[in-house]
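Chain residues, written in single-letter form:
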Amino acid sequence: MTDTGQRNVAQEPLAKGAPDEAVGKSGTTRRGGGDPATRGRTTIADGVVEKIAGLAARDVDGVHAMGGGLARTFGAVRDRVPGGSGSKSVSRGVKAEVGEVQTALDLEIVVEYGVSIADVARDVRENVIGAVERMTGLEVVEVNIAVSDVKLPDEEDDEPQGRLQ
């Protein structure tokens, strides 16, 4: 996937020769004419879609964490440092490529031991697709999921607990 920042979600060409003003049946002058939804363009940054997808994936039972082990460790330390970017942890393990009307997502997850990985992956796809399409209006064309680890019951979290001194 390429990192290009933001893309146009919807783009309407300007009508040639369209009047700037239209006169309604009552004789009142209306400015602009046409449906307000077609006037202008909305762009959605890749990071917005990544945050939505990250939150939706974390809501699924059986998902322990997002991202690979090293990325989670460094991210957890960065999140606890005063002035660190806490919002970055929301999109950790998610990469989005956003086009004008479609998006594709890559997710890296850690699952809990004992759950069906196939079921968790299906539930993550359903939840992510639903949230992204509902909130952005983009069509999600694919959600690729890489399971990078399994969290064992007796295993300690990679993420440090408490505050750094």
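Caption draft 1: Broad picture of the environment of S148. Along the chain, S148 turns up in strand β8 (residues 139-151). When its relative accessible area of 34% is taken as the criterion, S148 is described as partly exposed. With residues up to four places along the chain from it excluded, the contact list for S148 reads G67, G68, E108, I109 and V110. A polar contact of 3.4 Å, which involves the side chain of S148, links it to the side chain of E108.

Caption draft 2: Spotlight on the nonpolar core. Judged by nonpolar contacts, the single largest core of 26 residues is most densely connected at V49, L105, L107, V124, V128 and V132. Breaking this core down by element, the ones donating at least two residues are α1 (46-58), β5 (63-66), β6 (94-98), β7 (102-112), α3 (117-136) and β8. Sort the elements by how many residues they give to this core and α3 lands first, with six residues. The residues touching V124, leaving out its near neighbours within four places in the chain, are A57, V60, V63, L107 and I145.

Caption draft 3: View of α1. For α1, spanning 13 residues, the distance from its first C-alpha to its last is 18 Å, which sits close to the expected 18 Å at 1.5 Å a residue. Turning to α1, its buried residues are D46, V49, E50, I52, A53, G54, A56 and A57.

Calculation rules
- Residues numbered from 1 in each chain as written.
- Predicted model: local features only at pLDDT ≥ 70, side-chain atom pairs only at ≥ 80, totals over all residues.
- Heavy atoms only, no water.
- Helix = DSSP H or I, 4+ residues; strand = E, 2+ residues; numbered from the N terminus.
- Buried < 20%, exposed > 50% of the residue type's maximum accessible area, 1.4 Å probe, protein only.
- Contact = heavy atoms within 4.5 Å.
- Polar contact = N/O pair within 3.5 Å; in protein donor to acceptor, adjacent residues only side chain to side chain.
- Core = buried A, V, L, I, M, F, W, Y, C linked by side-chain atoms within 4.5 Å.
- Expected span 1.5 Å × (residues − 1).

Take it as geometry only, folks, not as evidence of what the structure does.
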